[in-house]
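Overview (structure and organization)
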Amino acid sequence: MIEVMFGSLAGLLTNGHTMGLMLLAVMIGLVVGATPGIGGRLSIALAIPFIYGMDMTQGAVFLLTMHAVNGTSGQISSIMFGVPGDGDDAATTVDGYPMAKKGEAGRALGASITASGVGGIIGAVVFAVMIPVLEPVVLAFSPAEFFLLAVLGITFIAFLAGKGQIFKGIIVGLFGMMLSTVGMDPQTGTARFSGDYLFLWDGISTVTAVLAVFAIPEMIALGARGGSIAMMSSQNVTVSYRQLFQGVLEVPRHWWLVIRTSIIGACIGMIPGLGGSAAAWLCYGHAVQTSKTPERFGHGAVEGVIAPETASNAKEGGSLLPTLFFGIPGSSGMAVMMGAFLILGIQPGPAMMTSNLPLVWTLIWALVVGNLIAVTFLLFITRWVALLTFVNVSMLVPFILTLVMVGVYSSEGQWENLIVLLAIAAIGWGLQRYDWPRAPFVIGLVLGKIAEESLHKALGLWGMSFFWRPLSLVLIALICATIAYAVYANVKGKTVMPAGAGSGAGS
Amino acid sequence: MEGPVMKHVSTGALVAALVAVSGAAHAQADKAFFSGKTVTYIVATAPGGGYDTYGRLVAEYMQKYLPGSTFVVRNMPGAGHLVGTNALYASKPDGLTIGTFNTGLIYTQLAKHSGVKFDLTKMSWIGKAATDPRAVIIATQSPIKTWADLGKMKDQQNFATSGPGGANFVETLALTAILKLPIKMLSGYNGTDDQLAMRRGEIIGSIGSRSSFEQFVNNGYGRFIGQFGGGEKDVPQMAELVKGNAEAERLVRLITAQGDIARLTAGPPEMPASHLAALRDAYKQSMEDKELQARAIKLEKPVEPLYGADVAKAVAEALNQSPEVVNLLVEGFSKGK
């Protein structure tokens, strides 16, 4: 075992061709990740034509590294412009963007880049450790548990909305859940709230909704305000390596949080069907919940950046597990990846463990090495990237709006999504203008879909008795504890979170 | 360079004119028309799946056999292939837009679904690349070993389906109704959800394309107990298993047709005969290309082609169903329970 483990690492590092491909994959992955709307799934699909004829290991390493580093650069626009790349990054926006406004873009980027790198590496470790217990863990999660996990995520809304904001938070969250019902109802086969528009049958696109609620209102506010994103002149603040390094150091300072959120992220990734946004939001909620000073969240708390970033990168290692060993993809990105694996001649299934162990280890190492390269490279260039927050917004806003629209169109190739973008952006702008929280909207939209679908399945399978499954009881206890704590904190007058929290808008 | 091309073009134009004048049934292929043109190949799903793989393979080789042409693959996912197929049907019939979509739309059209803005019998059929038979699959841990065992079960058996309107929903509903099977249908199982649910034990079986379950079975998680058509000999044919029940036989024939004409390529109706002939020629040459065959086998997507008029005939036959079957399909699309 040990021999195979380190033999694979040596094989990976000493093969110039593979390393070259990996470098290329890291660069492509970072660029794709940094562009809003173009996620990992699309990038793998676009890369498939190029892997024909590649060697099995090299092709797999190439695709996996490209996919794995996607999330690492996705946060750049979330933090600097309040423009998340997709649902996963939206959680980072909540605290990352206020940090940039305070002129701390360097520190936020340093922390988040390091956090995602570390998360990716811990995810790979979890991957390796979990191999023997993969089967019982994955099979323990049925639609009943999916439903309760989604409900748990939704209850975190109570923490994302602060004192006096709880009702606003619930209203916004319900609005998100309402929009999640748009589209084909899987139970009755009727198209809900879709009229004759076929593009609505697949539901509201998450990428479109997230960009509409976060990106467009920020751009409007910025354009109206003028100046630069960082609300101080660049003379006073130097985006130096020192500031960046301070950010990097935040990760070891919060090592216990990093480890917890990485493990939660990897485990969520391991369970097919929950998705990356769930991982990021659950971990963000977890960070707020366990913080001694939750009132700082939403105003630029560095933990609010670290938690979702570690989680969303750690889940990559997790979601590779069922993909490789069950032949059941752990995420939508992995579903495309599995198609590519077949092209390369890799047969996912339990036999991977015996017949292809060196390849499995090579992939684990590729996750580790790829993340290290990405983090080093990003930290090196961040100093210049962070300077963009001091650029006059009249130059930034049109550029970013264009990128947003290109992203919305290309994520699904449907122009109608541009209209949806405008419609939801109007609501998002209203929320931002009147200081309502916006994060609950995304949570409602993403988790509402999972909750509805799995509730139907669970009721169909077991009726009401699904609540009495052992794991269900544990989750129900967690949900009750979360609600009780939120009520207690509210009654006691302790600010769970101050006004404006979760809106990502400090002004 | 210019000389031969020009000559081709003029010959082509002449031939086309002659065809138009004589109204000959067998149009001459006008390959020269495609030189310097861009052909859009619509794939009615997102990138990455089986349709996408076949589509890209077909497009790449058709480009090779239509010299001077450029094929661009365009993914138009949405509403279970309806978005892409509607767009393909409505496109300009100049031979420059063709595409691929799910054969299961035969059911959708039969059920007179409101989202259907096409008539499959009128499309310009170019060919089909594969046979992908449907099969009934049962989880390994279930005591059901054969089709007969399923009928004898005392309790309701949980079967996974994607939901009303989905191919496996329609098939399971119709089979259960006609044969009075002890099956409880559960909806919302998309992609590989059903495989995971079978491993967890909450789902006993499902109907799906054999290719998508092949690996699952090879890994020892399930077994096929019946198959609709296809060349494999290791699984009993459903046509044999339901012999004697005329209505069930008709239904099995319909499901079989669905698998027989998998991975098809078609264009909008009323395409100029010379352009269609050229596309059909190029398609046939692609399918016979040894390199394409080798690549398809490597992808575990073996090629079993059928061309032009034969595909059109098979589609028309499948769409010619008795009112009883049509009623079952309408029911399968309209309500869940």
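Rules of the game
Residues numbered from 1 in each chain as written. Chains lettered and ligands numbered in written order. Predicted model: local features only at pLDDT ≥ 70, side-chain atom pairs only at ≥ 80, totals over all residues. Heavy atoms only, no water. Helix = DSSP H or I, 4+ residues; strand = E, 2+ residues; numbered from the N terminus. Rg over C-alpha atoms; globule rule 2.2 N^0.38 Å. Buried < 20%, exposed > 50% of the residue type's maximum accessible area, 1.4 Å probe, protein only. Contact = heavy atoms within 4.5 Å. Areas by Shrake-Rupley, 256 points an atom, 1.4 Å probe, with all protein chains shown as cover. Lys, Arg positive; Asp, Glu negative; His and termini not counted. Charge placed at Lys NZ, Arg CZ, Asp CG, Glu CD. Expected span 1.5 Å × (residues − 1). Arc of directions from axis to C-beta. Axes fitted to C-alpha atoms, helices over the stretch in contact; angles between N-to-C directions. Parallel < 35°, antiparallel > 145°, perpendicular 65-115°, else oblique. Left-handed = near helix turned anticlockwise from the far one by under 90°. Nonpolar A, V, L, I, M, F, W, Y, C, P; charged D, E, K, R; others polar. Polar contact = N/O pair within 3.5 Å; in protein donor to acceptor, adjacent residues only side chain to side chain. Pairing = 2+ DSSP bridges. Buried area = accessible area lost by both parts, 1.4 Å probe. Salt bridge = Lys/Arg side-chain N within 4 Å of Asp/Glu carboxyl O. Patch = residues over 30% accessible without salt bridge, like charges linked within 9 Å, V, L, I, M, F, W, Y side chains within 5 Å.

Counting its secondary structure elements, chain B contains 14 helices and eleven strands. Scaling as 2.2 N^0.38, a compact globule of 337 residues should have a C-alpha radius of gyration of about 20 Å, and chain B matches this with 21 Å. Taken over 337 residues, chain B has a buried fraction of 57%. For chain B, the proportion of contacts with a sequence separation of at least 24, taken over those separated by at least 6, is 78%. Summed over its atoms, the accessible surface of chain B is roughly 13900 Å², and 56% of this surface lies on carbon and sulfur atoms. When the 35 basic and 31 acidic side-chain charges of chain B are each reduced to a single mean position, those positions are 2 Å apart.

Okay, helix α13 (residues 308–319) of chain B next. Residues and elements named next belong to chain B. Compared with an ideal rise of 1.5 Å per residue, which puts twelve residues at 16 Å, α13 spans 17 Å between its outermost C-alpha atoms and is within 8% of the ideal. Buried residues of α13: G308, V311, V315, A318 and L319, and no others. Each buried residue of α13 sits inside an arc of 100° when the element is viewed along its axis, so together they form one side. Turned more than 90 degrees from where α13 packs its buried face, A309, K313 and E317 sit exposed. Taken together, the buried residues of α13 touch α4 (105–110), β4 (124–130), α10 (246–260), α11 (273–288) and β11 (306–307).

What follows is about the packing of helix α7 (residues 105–130) of chain A against helix α13 (residues 241–253) of chain A. Two measures define how a pair of helices packs: the angle their axes make with one another and the distance between the axes. All names here are of chain A. Two elements in contact, α7 and α13, have axes separated by 7 Å at closest approach and are oriented at 40°. It follows from the interaxial angle that α7 and α13 lie oblique. As for the relative orientation of α7 and α13, their crossing is right-handed in sense. Contacts between α7 and α13 involve A105, G106, R107, G110, A111, T114, A115 and V118 on the former and, on the latter, Q243, L244, Q246, G247, V248, E250 and V251. Looking at side-chain class alone, the contact of α7 with α13 contains seven nonpolar, six polar and two charged residues.

What follows concerns the side chain of R438(A). Residue and element names in this part refer to chain A. Among the secondary structure elements, R438 is positioned in the loop between α21 (416–433) and α22 (439–462). Of the residues examined, R438 reaches a relative accessible area of 0% and is grouped as buried. A polar atom in the side chain of R438 sits 2.9 Å from the backbone oxygen of V213. Here E218 takes part through its side chain, which lies 2.8 Å from a polar atom of the side chain of R438.

Residues and elements named next belong to chain B. Reading across the sheet, the five strands line up as β7-β6-β8-β5-β9 and stay open at both edges, with mixed pairing between neighbours. For this open sheet the edge positions go to β7 (183–186) and β9 (222–228), each flanked by a neighbour on one side alone. The mean angle between the axes of side-by-side strands here comes to 30°, regardless of whether they run parallel or antiparallel.

Next up on the list: the interface of chain A and chain B. The partner chain B presents 41 residues to the 39 residues of chain A that form the contact. For the pair chain A and chain B, the summed buried area comes to about 3300 Å², and 54% of that belongs to carbon and sulfur atoms. Inspection of the chain A/chain B interface yields two salt bridges. The salt bridge partner of D193(B) is K457(A), with a shortest N-O separation of 3.7 Å. Linking chain A with chain B are five residue pairs in polar contact (both at pLDDT 80 or more). Breaking the side of chain A that touches chain B down by element, the ones donating at least two residues are α3 (40–51), α8 (134–140), α17 (332–344), α20 (393–412) and α22 of chain A. The biggest single contributor to the side of chain A that touches chain B is α22(A), with five residues.

This next bit is on the pattern of salt bridges. All names here are of chain A. Considering all chains together, one arrives at 24 salt bridges over all chains under this definition. Close ionic contact of E145 with R469 constitutes a salt bridge, the shortest N to O distance being 3.2 Å. Of the two residues, E145 sits in helix α9 (residues 143–155) while R469 sits in the loop between α22 and α23 (470–491), which places them 324 residues apart along the sequence. Judged by relative accessible area, E145 falls into the buried class, the value being 1%. We classify R469 as partly exposed; its relative accessible area is 23%. One salt-bridge network, in which partners are shared between bridges, spans E104, R107, E250 and R253.

For the rest of this paragraph, the subject is the environment of P49(A). With respect to the element layout, P49(A) can be found in helix α3. What makes P49(A) partly exposed here is its relative accessible area of 37%.

Here the focus is the environment of S69(B). Residues and elements named next belong to chain B. Its location among the elements puts S69 in the loop between α2 (50–65) and β2 (70–75). Distance in space between the C-alpha atoms of S69 and K37 is 5.2 Å, their sequence separation being 32 residues. Residue contacts for S69: discarding those within four places in its chain leaves F34, S35, G36, K37 and Q63. Looking at S69, its side chain comes within polar contact range of the main-chain oxygen of L66, at 2.7 Å.

Moving on, we come to the packing of helix α1 (residues 2–14) of chain A against helix α2 (residues 16–34) of chain A. Residues and elements named next belong to chain A. At a minimum axis distance of 5 Å, the contact between α1 and α2 shows a crossing angle of 75°. Between α1 and α2, the angle falls in the class roughly perpendicular. Residues L12, L13 and T14 of α1 touch α2, and the partners they reach there are G16, T18, M19 and M22. Grouping the constituent residues of the contact of α1 with α2 by class yields four nonpolar, three polar and no charged.

Next up on the list: the environment of H81(B). Residues and elements named next belong to chain B. Inspection of the secondary structure assignment puts H81 in the loop between β2 and α3 (82–90). With a relative accessible area of 10%, H81 lands in the buried category. Separated by 38 residues in sequence, H81 and V43 have C-alpha atoms that sit 8.7 Å apart. Leaving out residues up to four positions away in the same chain, H81 has contacts with A44, T45, Y51, F101, N102 and L105. At 2.9 Å, the side chain of H81 and the backbone nitrogen of N102 are in polar contact.

All names here are of chain A. A surface patch of nonpolar side chains, about 430 Å² in accessible area, is lined by Y241, F380, W384 and L387. Within the fold, L387 resides in the loop between α19 (357–386) and α20. On the basis of relative accessible area, L387 is assigned to the partly exposed category, the value being 41%.

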